[in-house]
Structures are given as structure tokens and as C-alpha cells.
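# Residue-level structural notes
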Amino acid sequence: MSLNRFSFILIVFCFGSWFVFSWIIIKAYISELFLGMIVPLVIGLLTVTKIQSIFTSDPGELTSFMMKSFIGKLVIYGVYMMGIVAFSPFNERPFFISFMGYFITLHVLEAFFIRSVFIRFSSSG
């Protein structure tokens, strides 16, 4: 699967599921569910874009990037969650549930995409 197609699928999945849950099922927590979805989506898209770029140009640098990416994500997610808890006027529970759901789902989908990149490039070379 191409990066553009994968990115499109992630965006449609995230915004579609956010719409269904926040506008149809649980109307009281629209912003909480959105904030729990948007940062994992953006960081996930940036990560897979960079991973594919590094893998196609210099595969040896991939492990180093993945380590730096992991540490960077820990910091970004930690600061983001502390900011939400400290400065948000809304209910944190729906935010945390949304964040964890999107975080886990997007990381699993990213792992499958990265695996497909490895398989595609290893079989073509």
C-alpha cells in the first residue's frame, strides 16, 4: 500500500469514527473525543512518512530514527496530556479513553504499514 493511500485511510478512519462517536452516539463530548484523536493521528502520519523516507534512502538509519521517535513521542504525548489535564475545562475521562483508543489503534495500523514497506522493498531489491 502506498503512503498516500495509507494516510488517506487513516484520516478517513479517524475523522469518520470521531464523527460517529461524537456527533451520533455521544454528543456531550465532541471536543474531548477530537482532542484525543488529533494528536495521535498527526504524529502517526508524520512518523510513517519519515519512516518510509528513511527506509527508501538509508535503511541503516531507521533504528536510530525509531529510537529518537519513541523518546520524542513520549515527551510530546506526556506534555500534551499534562496540558489537557491542567488547562482544560472539560471532562478528562472521555479524552483519555479517546486518546488511548486512537493511540493503540493507530500504532497497530502503523506497524502493519511499516511491515508492508519492509516486505515491499525487500522483495523488490
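Residues numbered from 1 in each chain as written. Predicted model: local features only at pLDDT ≥ 70, side-chain atom pairs only at ≥ 80, totals over all residues. Heavy atoms only, no water.

## Concerning the packing of aromatic side chains
Aromatic ring pairs are defined here through the distance separating the ring centres and the angle between the ring planes. Stated formally: Pairs were defined over the aromatic rings of Phe, Tyr and Trp, the Trp ring being its six-membered one, requiring ring centres within 6.5 Å. Orientation was assigned from the angle between planes: stacked under 30 degrees, edge-to-face over 60, tilted for the rest. By definition, any uninterrupted DSSP run of H or I lasting at least four residues is a helix, any uninterrupted run of E lasting at least two residues is a strand, and each is numbered from the N terminus. Only protein chains enter the accessibility calculation, which uses a 1.4 Å probe; a residue whose area is less than 20% of its type maximum is buried, one above 50% is exposed, and one in between is partly exposed.
On inspection of all chains with the given rule, the structure shows 12 aromatic pairs. With 4.4 Å between their ring centres and 15 degrees between their planes, Phe6 and Phe113 make a pair best called stacked. Taken as a pair, Phe6 in helix 1 (residues 3-25) and Phe113 in helix 4 (residues 92-124) lie far apart in primary sequence, 107 residues in all. Accessibility assignment for this pair places Phe6 and Phe113 in one class, buried. Through successive ring pairs, a cluster of aromatic residues spans Tyr77, Tyr80, Phe95, Phe96, Phe99 and Phe103.

## Describing helix 3 (residues 62-87)
Every α-helix winds through 3.6 residues per turn, so residues three or four apart in the chain are directed the same way. Let me state the cut-off plainly: A helix is expected to span 1.5 Å for every residue after the first.
Here helix 3 is 26 residues long and its end C-alpha atoms lie 36 Å apart, about the 38 Å a rise of 1.5 Å per residue gives. Residues of helix 3 that are buried: Leu62, Phe65, Ser69, Lys73, Tyr77, Tyr80, Met81 and Ile84.

## Remarks on the packing of helix 1 against helix 2 (residues 30-57)
Test applied: Interaxial angle, 0 to 180 degrees, is taken between N-to-C directions of lines fitted to C-alpha atoms, where a helix line uses only the stretch in contact. If an angle is under 35 degrees, it is roughly parallel; if it is over 145, roughly antiparallel; if it lies from 65 to 115, roughly perpendicular; otherwise it is oblique. Whether two residues are in contact is decided by their heavy atoms: any pair within 4.5 Å suffices. Charged means Asp, Glu, Lys or Arg here, nonpolar means Ala, Val, Leu, Ile, Met, Phe, Trp, Tyr, Cys or Pro, and polar covers whatever is left, Gly included.
Interaxial distance between helix 1 and helix 2 falls to 10 Å at its minimum, and their mutual angle equals 175 degrees. Taken together, helix 1 and helix 2 sit at an angle that is classed as roughly antiparallel. Counting all contacts with helix 1, which are made through Leu3, Phe6, Ser7, Leu10, Ile11, Cys14, Phe15, Trp18, Phe21, Ser22 and Trp23, the residues of helix 2 involved are Ile30, Leu33, Phe34, Met37, Ile38, Leu41, Leu45, Val48, Thr49 and Gln52. Classifying every residue of the contact of helix 1 with helix 2 gives 17 nonpolar, four polar and no charged.

## Notes on helix 1
Helix length check: helix 1, at 23 residues, gives a terminal C-alpha distance of 31 Å against a target of 33 Å (1.5 Å per residue), a fit within 8%. For helix 1, the full list of buried residues reads Leu3, Phe6, Ser7, Leu10, Cys14, Ser17, Trp18 and Ser22.

## Regarding the environment of Val12
With respect to the element layout, Val12 can be found in helix 1. On the basis of relative accessibility, which here comes to 45%, the residue Val12 falls in the partly exposed class. Sequence separation of Val12 and Ile71 is 59 residues, and the distance between their C-alpha atoms is 28 Å.

## Some words on the packing of helix 2 against helix 3
How two helices sit against one another is set out by the angle between their axes and by the gap between those axes. Threshold: Working rule for handedness: look at the near helix, and if it is turned counterclockwise from the far one by less than a right angle, call the crossing left-handed; if clockwise, right-handed.
Relative orientation of the contacting elements helix 2 and helix 3 amounts to 165 degrees, with a least axis distance of 11 Å. Looking at the two axes, helix 2 sits roughly antiparallel to helix 3. Two packed elements cross with a definite hand, and for helix 2 against helix 3 that hand is right-handed. Each of Leu35, Ile38, Val39, Pro40, Ile43, Thr47, Lys50, Ile51, Ile54 and Phe55 in helix 2 lies in contact with helix 3, whose residues at this interface are Leu62, Phe65, Met66, Ser69, Lys73, Ile76, Tyr77, Tyr80 and Ile84. Of the residues belonging to the contact of helix 2 with helix 3, the class tally is 15 nonpolar, two polar and two charged.

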